[in-house]
Amino acid sequence: MAQAKKSIAKALKSVDLVVEVLDARMPPASANPLVEELRLTRQRPVLKVLNKSDLADPAVTKSWLQSFRAQDNLFAVEVCSKHKSDVRNLIREARKQVPHRSDAIKPLRMMVMGVPNVGKSTLLNAILGRSVAKAADEPAVTRSVSRYDLDEKTIIYDSPGLMWSKLDSRENAYALAVNNAIGVNAYVPEEVAVFLAEKLRLFYANRIFDRYGFDSSNLDANDILQKIGNIRGARIKGDEIDLERSANILLTDYRKGKLGRITIQVPN
Ligand SMILES: Nc1nc2c(ncn2[C@@H]2O[C@H](COP(=O)(O)OP(=O)(O)OP(=O)(O)O)[C@@H](O)[C@H]2O)c(=O)[nH]1
Ligand SMILES: [Mg+2]
């Protein structure tokens, strides 16, 4: 981690624009203050990218964009890294931010930054139009800063995911775990699934019904997990529910988009 921070800080010297990749399903949790700190040390402008917008609730993504754009000097776009038109739009926005870097002598130099697993490498591959950086649905896939040339006037750097140095908000910690930004050995699946079940109960109760076929209006988050285990036959012995398996069923369904488009952190 310290190594990743050092190499990013060094590369930032020759970068004109930070493309901060956020997960549209959890913008606050994926906005690591360290990214902001590093870019401000070098006074680099930022383009905030709400990535994985295809998995997020579209109405909430619009609200997030509005709240970002209401802030001075803050530019934000939503993107699904798998949609070419979104990626083209992002490049257009990036060029607008740094108009004086637009030729072969002064190429635009961008660096994608963000917490682990938000889709930095996938976005970079989409921008380049070829699969050069390894990407997978687990944290810490990219290990070092790498430079890629899009064309004569555009250079782009991939960077390793930067995790918060201190996560003192439980809300953010659980949101990161729900979205696979934290390694599976670093959290308790039952706790994280209860957090997710609570969000679903409050904001997306109809999705619980659609997927698992029960009404959650009179249940708490623990009961929801129990019920999912019961319905899916996750039992240890006899009638006892295997809560770890129930938790993993819910988390996997959510991560695969089986519960529909969901945003677990909404603007105030
Ligand atoms: N549905 C969807 N999946 C995406 C999108 N962008 C990335 N992913 C998936 O998210 C997972 C993580 O992508 P990566 O590109 O490896 O993420 P990263 O930020 O480079 O991760 P690290 O290098 O580990 O920090 C992969 O399974 C991608 O396929 C997107 O816009 N939509
Ligand atoms: Mg990566």
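Before any of the text, the structure's been laid out above.
Starting from 1, residues in each chain are numbered consecutively following that chain's sequence as written. The naming scheme follows written order: chains are lettered A onward, ligands numbered 1 onward. Note on the predicted model: pLDDT of at least 70 is required for a residue's local features to be given, and 80 or more for side-chain atom pairs to be given and counted; whole-chain, interface and lining totals, by contrast, use all residues. Here the side-chain values reflect all heavy atoms present in the structure, with hydrogen atoms and water set aside.

**A look at the nonpolar core**
Residues belong to a common nonpolar core when they are buried Ala, Val, Leu, Ile, Met, Phe, Trp, Tyr or Cys residues joined through side-chain atoms within 4.5 Å. To sort residues, take the accessible area from a 1.4 Å probe on protein chains only and compare it with the maximum for the residue type: under 20% means buried, over 50% means exposed, and anything in between is partly exposed. If you look at the biggest cluster of nonpolar residues, it comprises 85 residues, and the most contacted ones within it are L90, M113, L123, L176, L250 and I264. Only DSSP runs of H or I with at least four residues qualify as helices, and only runs of E with at least two residues qualify as strands; both kinds are numbered from the N terminus onward. Looking at this core, the element that brings in the most residues is helix 8 (residues 189–203), giving six residues. The residues touching L250, leaving out its near neighbours within four places in the chain, are A193, L196, A197, L200, Y212, L225, I228 and L259. Contact between two residues is taken to exist if any of their heavy atoms lie within 4.5 Å; hydrogens are not considered.

**A closer look at the site of ligand 1**
Summary of the distance rule: residues count as near a molecule or strand when at least one heavy atom falls within 4 Å of that molecule or strand. The immediate surroundings of ligand 1 are formed by 23 residues, with D54, S81, K120, T122 and V141 found nearest. Two N or O atoms form a polar contact when they lie within 3.5 Å of each other; inside protein one atom must be a possible hydrogen donor and the other a possible acceptor, and for residues adjacent in sequence the pair counts only when both atoms belong to side chains. Take N51: an N or O atom from its side chain is 3.2 Å from a nitrogen atom of ligand 1. At 2.7 Å, a backbone N or O of V141 approaches an oxygen atom of ligand 1. Per-residue accessibility takes into account occlusion by the displayed protein chains alone, with areas from the Shrake-Rupley method and a 1.4 Å probe. Notes on ligand 1: free accessible area 660 Å², of which the protein chains cover 91%. Ranked by residues supplied to the shell around ligand 1, first place goes to helix 6 (residues 120–128) with three residues.

**Here's the deal with the pairing of strand 2 (residues 46–51)**
In regular strands, side chains alternate between the two faces of the sheet. Of all six residues in strand 2, six are buried; the element is thus mostly enclosed. Alternating residues of strand 2 divide into V46, K48 and L50 and L47, V49 and N51, and every residue in both groups is buried. As judged from the four bridges shared by strand 2 and strand 3 (residues 75–78), these two strands associate in the parallel manner. Each bridged residue has a counterpart across the sheet, and for L50 the counterpart in strand 3 is E78. With strands facing away from the observer, any crossover in which the path from the first strand over the helix to the second runs clockwise is taken as right-handed. Crossover handedness for the path strand 2 to helix 4 (residues 58–69) to strand 3: right-handed. Strand pairing requires that DSSP identify at least two bridges connecting the strands.

**Description of the coordination of the magnesium ion (ligand 2)**
Summarising the metal site, the magnesium ion (ligand 2) is bound by the protein donors S121 (OG) and T142 (OG1), whose distances to it range over 2.0 to 2.2 Å. Separated by 21 residues along the polypeptide, S121 in helix 6 and T142 in the loop between helix 6 and strand 5 (146–151) bring together distant segments of the chain. Look at S121 and you get buried, because its relative accessible area is 7%. Note: metal donors comprise N, O and S atoms at 2.8 Å or less from the metal (3.2 Å for Na, K and Ca); water molecules are not included, so apparent gaps in a site are possible.

**Describing the pattern of salt bridges**
Each reported salt bridge corresponds to a side-chain nitrogen of Lys or Arg within 4 Å of a carboxyl oxygen of Asp or Glu. Considering all chains together, one arrives at 15 salt bridges under this definition. One salt bridge connects R39 with E36, and the closest N-O pair in it is separated by 2.8 Å. Here the residue R39 and the residue E36 both occupy positions in helix 3 (residues 33–41), the gap between them amounting to three residues, near one helical turn. When its relative accessible area of 10% is taken as the criterion, R39 is described as buried. Judged by its relative accessible area of 25%, E36 falls in the partly exposed class. Between K96 and E93 there is a salt bridge whose closest N-O contact spans 2.9 Å. Placement of both K96 and E93 in helix 5 (residues 84–97) is noted, with a separation of three residues, approximately one turn of the helix. Counted as one network, the salt bridges with shared partners bring together D16, R101 and R109.

**Digging into the sheet that holds strand 2**
Strand order across the open sheet formed by six strands is 3-2-1-4-6-5, with mixed pairing between neighbours. Strands with a single pairing partner mark the edges of an open sheet, and in this sheet they are strand 3 and strand 5. Neighbour-to-neighbour, the strand axes of the sheet open up by a mean angle of 25 degrees, direction not taken into account. Sheet topology places strand 1 (residues 17–23) next to strand 4 (residues 108–113); four bridges connect them, and they run parallel. Note on strand 4: the bridge partner recorded for V18 is M111. Against the sheet, helix 1 (residues 2–12) contacts strand 1 and strand 4, and its axis sits at roughly 160 degrees relative to strand 4. Interaxial angles span 0 to 180 degrees and are taken between N-to-C directions of axes, which are lines fitted to C-alpha atoms, for helices over the stretch in contact.

**What about helix 10 (residues 221–231)?**
For helix 10, the set of buried residues is A221, I224, L225, I228 and G229. Mapping the buried residues of helix 10 onto a view down its axis gives an arc of 135 degrees, with all of them on the same face. Against the buried residues of helix 10 lie helix 8, helix 9 (205–212) and helix 11 (243–255). Capping of helix 10 at its N-terminal end is provided by D220; its side-chain oxygen lies 3.1 Å from the backbone amide nitrogen of N222. Looking one or two residues beyond helix 10, the residue adopting positive phi is G233, at roughly 70 degrees. Directions are taken from the helix axis to each C-beta atom, and the arc is the one they span.

**Quick notes on unusual backbone geometry**
Phi at N117 takes a positive value of approximately 70 degrees, unusual for a residue other than glycine. Examined against the element boundaries, N117 turns out to sit in the loop between strand 4 and helix 6. On the basis of relative accessibility, which here comes to 11%, the residue N117 falls in the buried class.

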